[in-house]
Amino acid sequence: MAANCLPPTATLSGAATTTTHRRSPPSPATTVSPSSVSFHFLSSSASLKPLRLSHQRRLKVRVSGGDLGAVVVTKCVASDPVQIKSAREDIKELLRTTFSHPILVRLGWHDAGTYNKNIEEWPQRGGANGSLRFDVEQKHAANAGLVNAMKLLQPIKDKYAGVTYADLFQLASATAIEEAGGPKIPMKYGRVDVTGPEQCPEEGRLPDAGPPSPADHLRDVFYRMGLTDKDIVALSGAHTLGRSRPERSGWGKPETKYTKDGPGAPGGQSWTVKWLRFDNSYFKDIKEKRDEDLLVLPTDAALFEDPSFKVYAEKYAVDEKAFFDDYAEAHAKLSNLGAKFDPPEGFTINDEPPPAAAATPEKFVAAKYSSGKD
Ligand code: HEM
């Protein structure tokens, strides 16, 4: 049973199961030798609505068969898979209308990136637990500007009470990468939210862009999260998206030829020309350092200076597929850091048809606005 659940209840009923709820395959945790199994979520059923904190959902598993009739077992889940899927569609629409891919990626990363593998207890260990929704954490210097990402996502959160903030932030980030033309991220969901601002991590767990020794600093911070040199380089490739704004982080130019017309709020300095398109141009551009209008932070430059980082950075500059594969793996890892899943194994929503059977994917349209000179 998940740690944040009340004890499960079991009821017997003489009636056979006649549920009209959605069907899904039984999970090992809920199978009681059934002849048929159905799941439904009490949060979407008025007559069965449980008294629970908002971050807890009760999953009711009804098993019928044998002389006993139906057996009903309940367990808790953090988010409702059906609502997660609907929220993903709303996020896609949000991305289409606001071009907010970069800031949503940064939001997910900054919620997860506070993780400290040397602390066992949740939520003290930090990580993807939704703590970044609280003012106290948004006011950390590293999070300057992320309040805008929160404002974009709050209406979606309000619409889907059955989705935790922790899941919503990671869902938004992974969806933004995918919609920008990046790889499919092997995500899972079911992250439990922290409940109050006192559970936020202390300031100072995220990396600085200009520390005295950038490569050492990157290792200090990312090794603390349990990540590797390969993860550091691959994840840094997320800077293929977005801009830095001097009024937020202190880094970057107020505007460049690539950012002065937006889309989205104009201004800032991007790392790449097409900063709404996820590809490997970040590695090509920071290697060349030829365009004054493109940004290279000290921590970006370190990827081609440090001998171990350089192996990956050079590879990604010439091999986009290698970058995509490693990025997808590292992003999924990042999104799980420190998270408490309920059910403990999490759940996936990847039920799209396999690529061979899928229709031709829709062309990514935001990209055509991102360079101004296609
Ligand atoms: C390696 C250490 C990192 C440092 C020092 C760093 C630093 C920064 C800085 C200074 C900005 C500009 C923020 C602003 O002015 O609005 C920024 C933006 C951004 N960062 Fe990082 N970052 C790092 C790693 C990452 C990682 C791991 C990801 C995601 C996986 C990421 C994703 C982004 C994105 C997408 C933006 C653009 C945000 C926007 O356009 O609004 N960064 N980062």
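Here the structure is a predicted model, which means the values were calculated and not measured.

Colleague: Explain the overall build of the chain here, please?
Modeller: Counting secondary structure elements, the chain contains 12 helices and 6 strands. Taken over 374 residues, the chain has a buried fraction of 43%.

Colleague: What am I meant to see in the site of the ligand here?
Modeller: Taken together, 23 residues lie near the ligand, and Pro 102, Ala 238, Gly 242, Ser 244 and Ser 249 sit nearest. Breaking the shell around the ligand down by element, the ones donating at least two residues are α2 (101–112), α7 (229–236) and β5 (243–244). With 5 residues, α2 is the single largest residue contributor to the shell around the ligand.

Colleague: Any chance you could explain the packing of helix α9 (residues 298–305) against helix α10 (residues 307–318) here in plain terms?
Modeller: The geometry of a pair of packed helices is captured by two quantities: the angle between their axes and the separation between those axes. Closest axis-to-axis distance for the α9/α10 pair is 5 Å, and the angle between their directions is 90°. Between α9 and α10, the angle is such that the two are roughly perpendicular. Listed contacts from α10 to Ala 302, Leu 303 and Phe 304 of α9 are Phe 309, Lys 310 and Ala 313. Here the residues of the contact of α9 with α10 sort into 5 nonpolar, no polar and 1 charged.

Colleague: Got a minute to help me understand the nonpolar core in this structure?
Modeller: Where a protein is soluble and globular, its nonpolar side chains tend to be buried together. If you look at the biggest cluster of nonpolar residues, it comprises 72 residues, and the most contacted ones within it are Leu 107, Leu 168, Leu 171, Ala 172, Val 233, Phe 309 and Ala 313. In terms of residues, this core owes the most to one element, helix α5 (residues 165–179), which gives 9 residues. Beyond its immediate stretch of four places on either side in the chain, Leu 171 contacts Ile 84, Ala 87, Arg 88, Ile 91 and Tyr 189.

Colleague: Hey, could you run me through α10 in this one?
Modeller: Within an α-helix, residues lying three or four positions from one another point in the same direction, as the helix has 3.6 residues per turn. Spanning 12 residues, α10 covers 17 Å between terminal C-alpha atoms, matching the ideal 16 Å at 1.5 Å per step. Those residues of α10 that sit buried are Phe 309, Tyr 312, Ala 313, Tyr 316 and Ala 317. Buried residues in α10, looked at end-on, bunch into an arc of 140°, giving them a common side. What points out from α10, more than 90 degrees from its buried face, is the exposed set Pro 307 and Val 318.

Colleague: Hey, could you run me through the environment of Pro 123 in this one?
Modeller: Along the chain, the position of Pro 123 falls in the loop between α2 and α3 (135–138). In the structure, Pro 123 is positioned 71 residues away from Val 194 in sequence and 6.9 Å away in space, judged by C-alpha atoms. Sequence-distant contacts of Pro 123, defined by excluding residues within four places in its chain, comprise Asn 129, Ser 131, Val 194 and Gln 199.

Colleague: Looking at this model, I keep getting lost on the confidence of the model for the chain. Mind explaining?
Modeller: The predicted coordinates should not be examined in detail at positions where pLDDT is low. Per-residue confidence for the chain gives a mean pLDDT of 82; residues scoring 70 or more make up 73%. Here residues 61–68 is a poorly scored stretch, pLDDT under 50, and it has 25 contacts once near neighbours within four places are set aside; other chains count. Overall, residues 353–362 carries pLDDT values under 50, and its contacts beyond four positions in sequence, including any with other chains, amount to 2 contacts.

Colleague: Explain the environment of Thr 240 to me, please; I cannot follow it from the model alone.
Modeller: Secondary-structure assignment places Thr 240 in the loop between α7 and β5. Here Thr 240 falls in the buried class, since 29 other C-beta atoms lie within 10 Å of it. Here the alpha-carbon distance between Thr 240 and Ser 281, two residues 41 residues apart in the chain, equals 6.5 Å. Residues in contact with Thr 240, not counting those within four places in the same chain, are Trp 271, Thr 272, Phe 278, Asp 279, Ser 281 and Tyr 282.

Procedures and definitions
Residues numbered from 1 in each chain as written. Predicted model: local features only at pLDDT ≥ 70, side-chain atom pairs only at ≥ 80, totals over all residues. Helix = DSSP H or I, 4+ residues; strand = E, 2+ residues; numbered from the N terminus. Buried ≥ 20, exposed ≤ 12 C-beta atoms within 10 Å, placed from the backbone. Near = placed C-beta within 6 Å. Axes fitted to C-alpha atoms, helices over the stretch in contact; angles between N-to-C directions. Parallel < 35°, antiparallel > 145°, perpendicular 65-115°, else oblique. Contact = placed C-beta atoms within 7 Å. Nonpolar A, V, L, I, M, F, W, Y, C, P; charged D, E, K, R; others polar. Core = buried A, V, L, I, M, F, W, Y, C linked by C-beta atoms within 7 Å. Expected span 1.5 Å × (residues − 1). Arc of directions from axis to C-beta. pLDDT = per-residue confidence, 0-100.

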